[in-house]
Structure formats: C-alpha cells, structure tokens
There are 4 protein chains.
Amino acid sequence: MKFIITDSYEEMSTVAGQHLLGYMYQNKRVNMSITAGNTPMRMYEQLVPQVKGKPYFDNVHYYNFDEIPFKGTNELGVTISNLAKSFFRPAEIPEERIHVLDENNYETHDARLKADGGLDVILLGIGADGHFCGNLPNTTQVHDETVAVPTTPEMREVLLGEVGGDATKVPDFYVTMGPKAVMQARNIIMFANGKHKAEIVKQAFFGEITNAIPSSILQLHPSITVILDKDAASLLPEF
Amino acid sequence: MKFIITDSYEEMSTVAGQHLLGYMYQNKRVNMSITAGNTPMRMYEQLVPQVKGKPYFDNVHYYNFDEIPFKGTNELGVTISNLAKSFFRPAEIPEERIHVLDENNYETHDARLKADGGLDVILLGIGADGHFCGNLPNTTQVHDETVAVPTTPEMREVLLGEVGGDATKVPDFYVTMGPKAVMQARNIIMFANGKHKAEIVKQAFFGEITNAIPSSILQLHPSITVILDKDAASLLPEF
Amino acid sequence: MKFIITDSYEEMSTVAGQHLLGYMYQNKRVNMSITAGNTPMRMYEQLVPQVKGKPYFDNVHYYNFDEIPFKGTNELGVTISNLAKSFFRPAEIPEERIHVLDENNYETHDARLKADGGLDVILLGIGADGHFCGNLPNTTQVHDETVAVPTTPEMREVLLGEVGGDATKVPDFYVTMGPKAVMQARNIIMFANGKHKAEIVKQAFFGEITNAIPSSILQLHPSITVILDKDAASLLPEF
Amino acid sequence: MKFIITDSYEEMSTVAGQHLLGYMYQNKRVNMSITAGNTPMRMYEQLVPQVKGKPYFDNVHYYNFDEIPFKGTNELGVTISNLAKSFFRPAEIPEERIHVLDENNYETHDARLKADGGLDVILLGIGADGHFCGNLPNTTQVHDETVAVPTTPEMREVLLGEVGGDATKVPDFYVTMGPKAVMQARNIIMFANGKHKAEIVKQAFFGEITNAIPSSILQLHPSITVILDKDAASLLPEF
C-alpha cells in the first residue's frame, strides 16, 4: 500500500491523473476502469485537454465498474452517462474503446474482462459509508464478482436521486463489480478528499477488515495506491 | 486465478518446481517464501540437483513464512529445521540468502520484507481444515500481518507432535505471516495433492470467502496459481 | 545478460525448456517465437509430454521467426515443417495457436506481431558463423525488420540441403525476422552446446559488436539469457 | 517504439515529466538516469514543485549518465552541476539518492548500477549530430559500457565552452555510459524539440542504424518512447 498525501483537492486531482497517464503511456493495450461521481470531476477537467485528439492514447480502453439503469427506458445508465459527460465526450473517446457495463451484460462482464486481458488499473472513490463501486455495506459479499444488487427500501431514496427524481425510473436492481472482481485488477488506485472522508479513510485502511466497511478489503491488494488531500488524511496515524 | 490440474503427485511436484524456477531464473534479486511440510517433499527432491552448486541462482533469497519455536532452547524452530533438512542443506543454500522468521524477529518481519523489495512469490500448501501458513481457523484475522499466535489448549496436541513429543518444548506461541502479509506477495502459488484435500480445495476456491476457511481469502489475490493433482481436483466444478 | 552454464546438452535442454515453461505458465496470452534445428531437439523431446493435452497452456501462441520456402510447391516451408515434426505435432498444438511466417505474409509479420501484443520471448540458436534466425553474415542489416533475403550463389548449396537435395525446389529467397525485429521481443533466450560453438559464443557475447558476427548485436538487449553447456562455454572468460 | 508528437515545447516538457512521474509513483525503489542540458529545462521547472518535499518520492534514486570533469580541481563536474542547479537543488533531493558518475568512479559504474537493480528508465536528449549522452560520432563504439573518452583536438572548443571558457580546466577526457550501457536500461525515453532537431530525429529513428548517427542504435531497444514537439517531428513520415 502506498499513501500519497497531497495539499489540496487540486493537487489530489493532478496526482491521480498522473497515475492514470503513467499507465496510458505504455506501448501496449491498456485496460482501465474509472469512476464517475464528484471526486474525479477536477481530475477529468485536467485530463480532457491532455487526452483529446491524441492518437498516442489509442491503446487505452475504458470500462465502467458499476451501473444504475433507468427502469423502463433504453437510455444509457447513470454511471456511463456521468462518465460520458465528464470525460468520454469532451475527450472525444471513440465508442469502440468504451466498454459499457450495464443491466444486460453484467453476467458476462468478468469473462469479457478476462478475454480482454484483465484490468491494468481500476480507479476508485470511497463513500462516507465505506462503499466502493456499488459495494455498499450489506449488499455484496466479498466473494462476489460482477453481480446485480436488488433495490431495497433503504436504497430507494438514494436511487431516486440518482435517476433524477422520477420514481418510475428507479430500477429494481443495479449492477456492480463485486469485491472479488475489483481485486483481480493488477493495480488499484483509490482517492478521496475532504474532512468528511477522513474518518472512513482511517477505518478502511488502518482498521479491521470488515463487511461493515466494504473498502477495508482493499487493504489486501498487493498493489494499491491511496491518494488523499490533507483533509481526508487528517486522521491517519503518522507514518 | 489459474488452475493447473496434473495427473499425479509426481507431476504436481514437477510443475510447482517449474513455477519456482521460472521466478528464480530472472536476472534480478528474487525473494521467495517457501513452505515446509509433506506436500513439497517430492518437489524439493527434484529441485535439489537443479539448484545445488549453481551460481546462476545466487540471486534467489529465501524466507520462511511461519515458525514453531522450541520452548526453552536455542534450537532452530520446526519450520526452518524442516526446510533446512529437505532443501536448504542438500541444495547448499548459503546462510546469507536464508532469511529466518522466528519468535525473536517476527515483529519486524513485514518491514524487513518491504525493505528487501517484497516477495516475488510465496508457495503455500493448504491444510485439510483450510489453513495456510499458521493461519488456522479461529487464530489470525484477515487484517493480520506477521503475528504471534498464542497456544490454545486445542492446539497443544498438534504442537506437541511438531516439537517431537517433548511437552517441555511446546511453545507458548508460534509466529506466522497473517493473511494480509501473505496477500502482499506479488504472486501466490498454492499446491495440494490427494483425495483428502479435494473437499477443502473446492470450498476454499469455489465457495464463499469465510473466516472458517482461512485460505478462501486467497481467491481475492490478482495473481494466484493453484496446482493440484487429479485427486485434489476431483471435486472441482468443470471448467 | 545472464549466463547459465550447464554440465551437458541434456541439462542445457532442461534449463532452456524450464525458461519457456516459466513464460508459458503465466495467466495471460503468451507469444513465443521458437527455433527449429538441432540445438532444440532434446528440449522438445522433454517438453512434449509436459505440454501435450494440457489445457493450462491454451494461452500460449507460437510463431516461427524464419522460413525457407520450397520453390514451386504449396508445401509448408522447411522451418515450420521441422517445428511441426519436432514439437507442434507430437505436442498436439492446435493450428489456431501456430502463427506461420512464410513467403506470402512476411511483409505483414511485424505488424501482426505488434497487433498480437508483441513477443514475450524468442528462443534462438547461434550458428558457427554467428548467425541467428536467417541473419547470416552479409545478408540482413541491423535495422532490418522482417525481410526477404535473396538467394546468392554462396548460399545455394546450403539451401539445397535444406530443401532435401532437389535443385528445382531451391527458393529464390528466404524470409527472416531481421535484427531489429528480433530485438523488439521483451526477452531473448539464446542457447548453444558443443565445442564447435565455443569460439563463436565467446566472440558474439564478449567481443565487439560487428556485422561480421550478426548475433553480437544481441549484447545490446536489456533482457537476454544465454544458456550453454560447458563445452560451448569453454572459451568464456571467468565470471 | 512509441512516438508521441506534442504541439509545443511546453507540452513536450509536460509529457516527458509525466512519463518520469509514472515510474516514480511505483511502490518500489526506482532508478532513473536523467539528462542535463537545454531540452529538459522546462520539464524540470514543472517537476520541481511536484517533487519538492514529497515523501512519497523517497523511493526514487537518480544517476547521471555522463560527466565532463573540470581539470585540476575538486569541483563537481559540468553535468552534475547542471542537474543540481536545474533539478536536484530546487527539488531538495537529498544526496543519498543522487548517485554521481564521475572521472573517479566510471570504471565501476556499470557494476554499481547492476548491484542497485539496474535502471528502470533513462531519459535522453539527442544532439543535432545524433549524439546521446557523451556518445558523439566517432567516439564510443556500440559495445562500450561506461567509458572514458579522450579529448581530441576537434572536441576542445566544445569542452572549453562546457567548462566555462577557462582553458586550464579543459579535461583530458570525459566519461559516459556507452551505447551498450544505455541499452541495458529497462525503458528509454528520448525527447527533442525544435526544427533544428527535425532532420536528425528522422535519420536516427527512420533511417539506417549507423555509427555516424550514434542514437540510431536506440531503434533496437524493445521499450523506447520518443517524445517530440511538432517542429522536431516535422520531417517524420506519416504514421
């Protein structure tokens, strides 16, 4: 485990982007799974001008690692829509290098990744509840590969927000790479910023490995880098 | 996870040895942690003439991953004594490339491994109870690095056997790399032979990840190879 | 450069085969280019029973690195025929994992290798004249990738022997990966045995890099292993 | 060979620095050999604030690959002085991670690099005459490892400039990693900018490999990346 403590969200974003670029510059096909959400917003803003229109990144293939489908429509799901908006569209990544995970193909996602050579790197955020990807507490189990997670009454409100407030679009399940699927990536990067993440970062990486904090399992990966701003790192022990 | 099903204990031994040799032939320092016990006996017999007196293996460093000390003596512990007898002595490995883990240095073992560049590969057996290294059910926890495990009344008989039947030599604790320490190795090889291992192999690698079967956690490693004879593989699902 | 000096042709064959197995056991597609000729005969005899019928080697793809076509026929060329006889057929390697280089496709060989992910390893012999693959003295140039080499009067007799003595089958050219193409492999293994190779091995690896000894260029590769029996190594300086 | 064509010197500098950062972020000791001179000036300006005071780069060790000593003094040589000024001092790299090559230790430089684990990456510029490091046309030979190059009358003027115009300080020889030593690095990065480099870049990477253009030998490396601004790339064939 390597910890990188940066001074600010801006610097965290730069350092995370540089990690991705380090993989992307390799002279071989590179498979990356990258995260949507708030944490990566600035990183994508920084990366877009560095990636857009650059033929030397034609070797890079993108995968999303979870998806919240809109019920009863053919629209693209929440995750891939967010990724498209914040990165794929402004960076002009062609569709053939974007490998969508969704409610129709999640059962073959692990086999497809394996056939494609496996993930070189997966970039993850961490939720204040310790979740990563769609692995919320009390949803998936450690040995789950890519799975569907049924919607529970407790989740309904969150999912309602994710689908834009239209109750008819709340799906009956979402899909996610489970802990076992994520752990198969050759390298993991997790990043977090802000004081509201400090407690969970401490628990996830310096506490016990427990189902109550799903991301604590990532401690076991032989090649994980955790990139934090100083606020998110503020409760860590000295090291 | 890669599974290799061989026809016999003889072939399992050959294939496991070839895996080690594949690492050993690299033109760089190679750190390996290898197992004592019954499973590797034939592998070591095959390896000894291939390793003894070969200057091109001077790059290989050996570590033991657990130890049962003899109480009240200065003798070498059970594990390192077994390794010395079955491999280090007949293969004439010089002491400076044998890095002993014991009751005196276990607290610095993880830091030493890190300073030495980490383990390139760890070779593990599996117990009929699902244990690996000294991680017996209900002893270590998943997040344990290298730790001391206190002797419990239930263990006493096994430990008595290990120390040769002299009750005064049963130690108050043994030491072992815990699950988290083992998972840091860049590559893991596990091997097993015999019908008596078939059920636990199935449970460990095709069942749930559970504390009741310590080696089930190894499913999460991104680079693990499981080498079995056909008896140990006889209960696996087709694949 | 790593040198491995073995006691005999038998041991040289075993060690070379173990090197190949070390690559083959990886849990990913592995691209290997392997040599025909006399040097590897015993190695293939040893490998055949270890490879035949083993599904865990389904990840391995084979390429030949040179070819002498039979003129005026549709027969397979000399190199691939020899490889088929000594290894592919007895080891029952399916055709879809054998990627033939021949007089029809040599111009696209480098692009195909690149698209397939490049060679993980290339196994080479060395001629008494210092040639490797079809890079005889005064044929290819260092910057040649895969090329056709026109038949010269001096070569005719050798080629006549290669095609079995029928003068009508001597081709107008043969094809080979040139020095630049070979050097693109991530790893190179060269092996040699016998006193008749001792002088050229010394010159190639401990002398000047010169066009007169084509294999001397291999000194420049960052990951090359040279496996010799003691006769072939008998003129090397102490090291 | 991977080519990266950037729009400007500024972007070339950013991309080259990102390549170095990609290596530096690894969770292991990283050995880099980096270049002095004009080409990297902006790259170092960009890197300094990213490296200065960052404990997560404590794993990075720096080596210089050539040196022009000042005759008759104990001063640090030209190369290491320039590196210190442009990078080591402003980035506050501690001395124990700066491994100086000079007139006193060049004969053991290759052995030291090997003992330290070899170079992960070497960053090179290219001279308008095709030189890299101190490998000027008609000085070193392809098979040279780290060597001393005697001062010739033709070099005297250049060297006089390098030592600041004081004729008494022109050394009798300078030292450099030769082509064979450079080629041992696991990865090579070469960068160039400006129209005055366009012709030599074309010749070095798309022409014959010849002693007249020392850097043309780098075509043979299995992992080289060439980073250019559009001016330096202006004469390259379409690809």
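Residues numbered from 1 in each chain as written. Chains lettered and ligands numbered in written order. Predicted model: local features only at pLDDT ≥ 70, side-chain atom pairs only at ≥ 80, totals over all residues. Heavy atoms only, no water.

Looking at an unreviewed UniProt entry, one finds chain A named 6-phosphogluconolactonase and attributed to Listeria riparia FSL S10-1204.

**Side note on the sheet that holds strand β9 (residues 188–192) of chain C**
Residue and element names in this part refer to chain C. Strand order across the open sheet formed by 7 strands is β1-β10-β9-β6-β2-β3-β5, with parallel pairing between neighbours. Each edge of the open sheet is held by one strand with a lone partner, namely β1 (2–6) and β5 (98–99). In this sheet, β5 lies alongside strand β3 (residues 60–63) in parallel orientation, the contact comprising 2 bridges. When the bridges of β5 are listed, Tyr63 appears paired with His99. (Pairing = 2+ DSSP bridges. Helix = DSSP H or I, 4+ residues; strand = E, 2+ residues; numbered from the N terminus.)

**Points about the relation of the copies chain B and chain A**
With an RMSD of 0.0 Å, the operation that places chain B on chain A is a rotation of 180° combined with a shift of 0.0 Å along the axis. This pairing of chains is accounted for by a two-fold axis. Within chain B, His221 of chain B has its C-alpha nearest the rotation axis, a separation of 3.4 Å. Of the residues that chain B buries at the interface, 100% are likewise interface residues in chain A, meaning the two copies contact each other through the same surface. (Least-squares fit on C-alpha atoms with pLDDT ≥ 70 in both. Contact = heavy atoms within 4.5 Å.)

**Comments concerning the packing of aromatic side chains**
All names here are of chain C. Under the definition given, this model contains 40 aromatic pairs over all chains. Taken together, a centroid distance of 5.4 Å and an interplanar angle of 65° make the contact between Tyr62 and Phe88 edge-to-face. You can see Tyr62 sitting in strand β3 and its partner Phe88 sitting in helix α3 (residues 78–88), a full 26 residues away along the chain. Neither Tyr62 nor Phe88 differs from the other in exposure class; each is buried. (Phe/Tyr/Trp six-rings, centres within 6.5 Å; stacked < 30°, edge-to-face > 60°. Buried < 20%, exposed > 50% of the residue type's maximum accessible area, 1.4 Å probe, protein only.)

**Thoughts on the UniProt feature "domain: Glucosamine/galactosamine-6-phosphate isomerase" (unreviewed entry) in chain A**
Per the UniProt annotation, the sites labelled "domain: Glucosamine/galactosamine-6-phosphate isomerase" (unreviewed entry) are residues 25–219 of chain A. Spanning residues 25–219 of chain A, this segment combines 26% helix with 16% strand, and its end C-alpha atoms are found 27 Å apart. (UniProt positions renumbered as here; feature names shortened; annotations may be inferred.)

**As for the interface of chain B and chain A**
Listed as interface residues are 18 residues of chain B and, on the opposing side, 18 residues of chain A. Counting each side, the surface lost to burial between chain B and chain A is near 1500 Å², with a carbon and sulfur contribution of 57%. Of all residues in chain B, the largest losses of buried area upon contact with chain A belong to His143, Leu220 and Pro222 of chain B, amounting jointly to 38% of the total for that side. Here chain B and chain A share 0 salt bridges between them. Applying the counting criterion to the chain B and chain A interface returns 6 residue pairs in polar contact (both at pLDDT 80 or more). (Buried area = accessible area lost by both parts, 1.4 Å probe. Salt bridge = Lys/Arg side-chain N within 4 Å of Asp/Glu carboxyl O. Polar contact = N/O pair within 3.5 Å; in protein donor to acceptor, adjacent residues only side chain to side chain.)

**With respect to the side chain of Thr39 of chain D**
Along the chain, Thr39 of chain D falls in the loop between β2 (30–33) and α2 (41–51). Filtering out sequence-adjacent residues up to four positions away, Thr39 of chain D remains in contact with Tyr9, Met12, Phe191, Ala192, Asn193 and Lys197 of chain D.

**Thoughts on the packing of helix α2 (residues 41–51) of chain C against α3 of chain C**
Residues and elements named next belong to chain C. Here α2 crosses α3 at 55°, and the two axes come no closer than 9 Å. The orientation of α2 relative to α3 falls into the category oblique. For the pair α2 and α3, contact is made by Met41, Tyr44, Leu47, Val48 and Val51 and by Leu83, Ser86 and Phe87, respectively. Partitioning the contact of α2 with α3 into residue classes produces 7 nonpolar, 1 polar and no charged. (Axes fitted to C-alpha atoms, helices over the stretch in contact; angles between N-to-C directions. Parallel < 35°, antiparallel > 145°, perpendicular 65-115°, else oblique. Nonpolar A, V, L, I, M, F, W, Y, C, P; charged D, E, K, R; others polar.)

**Concerning the interface of chain A and chain D**
Counting residues at the interface gives 21 residues for chain A and 21 residues for chain D. Surface buried jointly by chain A and chain D totals about 1600 Å² across both partners, of which 46% is contributed by carbon and sulfur atoms. Three residues, Lys2, Tyr25 and Tyr56 of chain A, lead the burial of chain A against chain D; their summed loss comes to 42% of the area buried on that side. Put simply, chain A and chain D have 4 salt bridges between them. When the shortest N-O distance is used, the salt bridge between Lys54 of chain D and Glu11 of chain A registers 2.9 Å. For the pair chain A and chain D, the interface holds 11 residue pairs in polar contact (both at pLDDT 80 or more).

**Observations regarding the relation of the copies chain A and chain D**
Between chain A and chain D, the superposition needs a rotation of 180° and an axial shift of 0.0 Å, giving an RMSD of 0.0 Å. Taken as a fraction of all interface residues of chain A, those also at the interface in chain D reach 100%, which identifies the copy contact as same-surface.

**Some remarks on the environment of Glu11 of chain D**
Locating Glu11 of chain D in the fold gives a position in helix α1 (residues 9–24). Overall, Glu11 of chain D belongs to the buried group, its relative accessible area being 16%. For the pair Glu11 of chain D and Asp229 of chain D, spaced 218 residues apart in the sequence, the C-alpha separation amounts to 7.5 Å. Look past the residues within four positions of Glu11 of chain D in its chain and what remains in contact with it is Lys54 and Tyr56 of chain A together with Thr6 of chain D.

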